[in-house]
Amino acid sequence: MNNKYLGYFTNGIIKENPTLRLVLGTCPTLAVTTAAVNGIGMGLSATLVLVCSNLAISLLRNVIPDKVRIPAYITIIAGFVSVVQMLVKAFLPSVDKALGIYLPLIVVNCIILARAEMFASKHSVLPSVLDGLGMGIGFTAVLTLMGAIREILGAGTLFSLPITAKFIDPMIIFLLPPGGFFVFGILVAASNALAKKNGKKIAEHLGCEACPSKGVCGNAVKEAAENEQ
Amino acid sequence: MREILSVSSSPHIRHHETTCGIMTDVVIALMPSAVFGCILFGFKAAAVLITCVVVAVLSEYVWDKALKKPNSVKDMSAVVTGLLLGMNLPSAIPLWQAAIGSVFAIIVVKQMFGGIGCNFANPAIAARIMLLVSFPASMTRFMEPISDTVSSATPLLYAGGEKSFVHPFKTLFFGMHAGSIGETSAFLLLVGALYLIVRRIISPVIPACFIGTVALLSLISGENPVISVFGGGLILGAVFMATDYTTSPASLLGKAIFGVGCGIVTFVIRKFGALTEGVSYAILLMNILVPYIDRFTLSKPFGYIKPGKEKAE
């Protein structure tokens, strides 16, 4: 029995890591990870909302009518986001400034909505809270890792402490949107490679099928030919 | 699969041209301006070019080894990418930055998207833009020719007419001015272009449309078209980068659209943007549009009638 609860908790950290394995919450992942500290701030705020909303939704799961469940979830989530936003504004004004619009946008973070829909609405309170905690920690870990990579390469610092800034020009591109995509892409690729090595399924790969250019792009044609063989 | 292919009865027209041969021709065409750049900007320029080529070839080799793929160094494409990237950099750039550019071009832009023939953009252009965004200071420090004076101004900076421009046409055409290593001498680049056109490696449509559009637009807007055409990286970009097979359209009309599009974007960036140079951004943008240009300029099979029309008759 204990093992089962531990599973609910660890599920979100590695096996179903929301950012790298489920590929959810990509927008805040790319937008706020210009520094490691922003990653932690965003991750912890989302975790708090996730745990509270999972708790509330799990408690109310038999009361909420099925037809209007999404508006109900959003209302609950928005309530907690408002609480978190006020807390951050009051106690960590610098984090609030760094996260900007992405803090209130936690309301529409798909990780939170997905866990409400896929997990909290079908499970009892304790598993839901543990799931929310695990998912939140997984999200925080990836955001912090991405923030750290981008901060070291893009500014030469880590948590604002100079690492390489003194003797190497930092590559500013890593602080800009393209750098976010580079790091995110490479992290997803690395996690897929690890999953493949351990015989697990790779993160859902829509691949070239989902791309609007598939009919005209060299790589898509090549991939289709490989699939046929 | 191979057995099935070998018994098919279609005509087997084989051409002696190989990827390696084409790439070697491009290297030959680039050589005059590369050598001239080394003479003009001295030992540092040669060091940048050699670093770029060596690192590009090494990246290709290491990637093939690491992923247990057939060794693709021999097709010479990595040499061309490295050389083109080096010629697009200012001679004063630190060598480790040039090396990062080469690794980026080969690993991220080319190999991660499937290797030769599958890259979504010209690797050298993408790497140049990555370096420009990452290290703006060292990417815009140009040297004056045959001296160690640092100058931040290429002739393009004068095209707006704010300062009086002292270089006469001859200086611009033969390349005795500040700029990236390989972009200064329009004359030698055009010699290279002529070689490629005569050898039928490239079609003149893209360079002609590209350069023509820029010249025409700057003439209309009251700028000196001589400076616009010969003062920046336009000829290097139009002849050697925009004509990359993988990232340019297949049909004649497509090529023309691609060239004109590059010209318009270049002009708009130079005239209205914050940057003095827009050639690389223009080529990158149009590279990404190539699949769509190709789709709209599909060639019709002989005797093809639109299904709707047939009914009407």
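Now for a quick tour of the structure. The model shown is predicted, which means the values in this text are computed figures rather than measured ones. (Residues numbered from 1 in each chain as written. Chains lettered and ligands numbered in written order. Predicted model: local features only at pLDDT ≥ 70, side-chain atom pairs only at ≥ 80, totals over all residues. Heavy atoms only, no water.)

### A closer look at the overall build of chain A
- Secondary structure assignment for chain A yields nine helices and two strands.
- In sequence order, the secondary structure elements of chain A are arranged as α-α-α-α-α-α-α-β-β-α-α.
- When each of the 229 residues of chain A is scored for burial, the buried share is 40%.
- Per element, the accessible surface of chain A, about 12200 Å² overall, is 69% carbon and sulfur. (Helix = DSSP H or I, 4+ residues; strand = E, 2+ residues; numbered from the N terminus. Buried < 20%, exposed > 50% of the residue type's maximum accessible area, 1.4 Å probe, protein only. Areas by Shrake-Rupley, 256 points an atom, 1.4 Å probe, with all protein chains shown as cover.)

### A word on helix H6 (residues 110-120) of chain A
- Burial in H6 of chain A covers these residues: Ile111, Ile112, Ala114, Arg115, Ala116, Phe119 and Ala120 of chain A.
- Two or three places before Ile111 of chain A, at the opening of H6 of chain A, Asn109 of chain A has a side-chain oxygen 2.9 Å from that residue's backbone nitrogen. (Polar contact = N/O pair within 3.5 Å; in protein donor to acceptor, adjacent residues only side chain to side chain.)

### Considerations on the nonpolar core
- Among the nonpolar cores identified, the biggest contains 85 residues, and Leu89, Phe210 and Phe240 of chain B are the most heavily contacted of them.
- Tallying contributions element by element places helix H2 (residues 19-41) of chain B first for this core, with 10 residues.
- With 21 residues, the next largest nonpolar core counts Leu24, Val32, Ile112 and Met135 of chain A among its residues. (Core = buried A, V, L, I, M, F, W, Y, C linked by side-chain atoms within 4.5 Å.)

### Concerning the environment of Ile137 of chain A
Residues and elements named next belong to chain A.
- The residue Ile137 is located in helix H7 (residues 125-155) in this model.
- Along the chain, Ile137 and Gly12 lie 125 residues apart, while their C-alpha atoms are 7.5 Å from each other.
- With sequence-adjacent residues up to four places away left out, Ile137 is seen in contact with Phe9, Ile13 and Thr47. (Contact = heavy atoms within 4.5 Å.)

### So, the pattern of salt bridges
- Scanning the entire structure with this criterion turns up six salt bridges over all chains.
- With a shortest N-O distance of 3.1 Å, Arg115 of chain A and Asp131 of chain A are connected by a salt bridge. In this pair, Arg115 of chain A sits in helix H6 while Asp131 of chain A sits in helix H7, placing the two residues 16 residues apart along the sequence. The two residues Arg115 of chain A and Asp131 of chain A agree in class, both being buried.
- Ionic pairing is found between Lys271 of chain B and Glu223 of chain B, a salt bridge with its closest N-O pair at 3.3 Å. (Salt bridge = Lys/Arg side-chain N within 4 Å of Asp/Glu carboxyl O.)

### Observations concerning unusual backbone geometry
Residues and elements named next belong to chain B.
- Its identity is not glycine, yet Lys68 carries a phi of approximately 55°, on the positive side.
- Here Lys68 is to be found in the loop between helix H3 (43-66) and helix H4 (77-87).
- Judged by relative accessible area, Lys68 falls into the exposed class, the value being 76%.
- The backbone of Arg200 sits at a positive phi, close to 60°, despite the residue not being glycine.
- Its place among the elements puts Arg200 in the loop between helix H9 (186-198) and helix H10 (205-220).

Read these as layout, nothing more, since geometry by itself doesn't imply function.
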